[in-house]
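# Fold and contact review
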Amino acid sequence: MNFSWRITKYNPKYRDVKGRFTKNEWTSIYDIGKVFSGKELTIQKYLKTEELYVDAIFYFINHLGITTLEVNSLEKRSDNIEILNFHQLYTEEMSNIYKTIKEGDMLTLKGIANLCRLVLRENIWCYLKNHSNLVIYFGYDYYMFIGTSVACDKAIEKIIRSGLYVEPFELPVNAI
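The structure reproduced in this document is the subject of the present report. Just so we're clear, the structure is a prediction, and the values are computed from it rather than from any experiment.

This part takes up the pairing of strand β7 (residues 134-138). In terms of burial, β7 is largely enclosed, as five of its five residues are buried. Counting the residues in the hairpin turn of strand β6 (residues 124-130) and β7 gives three residues. Summarising the sheet, β7 and strand β8 (residues 144-148) pair through five bridges and their orientation is antiparallel. Bridge pairing links F138 to M144 in β8.

This next bit is on the environment of T148. With respect to the element layout, T148 can be found in strand β8. Residue class for T148 comes out buried when judged on its relative accessible area of 0%. Each C-alpha atom, one on T148 and one on S4, is 6.3 Å from the other, the two residues being 144 residues apart in sequence. Residues within four places of T148 in sequence aside, it is in contact with M1, N2, F3, W5, F60, L64, N133 and L134. Polar contacts involving the side chain of T148 include one to the main-chain carbonyl oxygen of V150, which spans 2.5 Å.

Reading the values: rules and limits
Residues numbered from 1 in each chain as written. Predicted model: local features only at pLDDT ≥ 70, side-chain atom pairs only at ≥ 80, totals over all residues. Heavy atoms only, no water. Buried < 20%, exposed > 50% of the residue type's maximum accessible area, 1.4 Å probe, protein only. Helix = DSSP H or I, 4+ residues; strand = E, 2+ residues; numbered from the N terminus. Pairing = 2+ DSSP bridges. Contact = heavy atoms within 4.5 Å. Polar contact = N/O pair within 3.5 Å; in protein donor to acceptor, adjacent residues only side chain to side chain.

Without other data, these values stay purely geometric and don't point to any function.
As structure tokens, this is what we get:
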């Protein structure tokens, strides 16, 4: 991929010289109900942030004219979806994807959105790829990496306007 970025909710001004984020922020769906910088992470705030990440993916997909992505390096936490206290956040479609998804599956746009939510909620891990145009790679703690074969300035602008942060970043080798 010729172009790649780290896309996060984390303001880069709070990174140390090694690039580590130093501010105490929520990093997981499991942080709902906890307090960060004097504010409780609510389900609504969590869902709003999660949607920003899904929207960011779709800015790239739309820019590149992609309609499907392939599932690569799939890992599931267990045989059954772990929804804990957040059962109201999971749709039947999400549950079905969790039960049936397998390595190499080609996902349509709706499936991509639901799978990305499952990844962000730490139920599944994988990366998504459109052979030579796009790769989407998820890291721990609400980090997302996107690589493309072409510059996607309009997608980047939309993501920045949404409130997420976009930083040039080299993709992990196993994602390319």
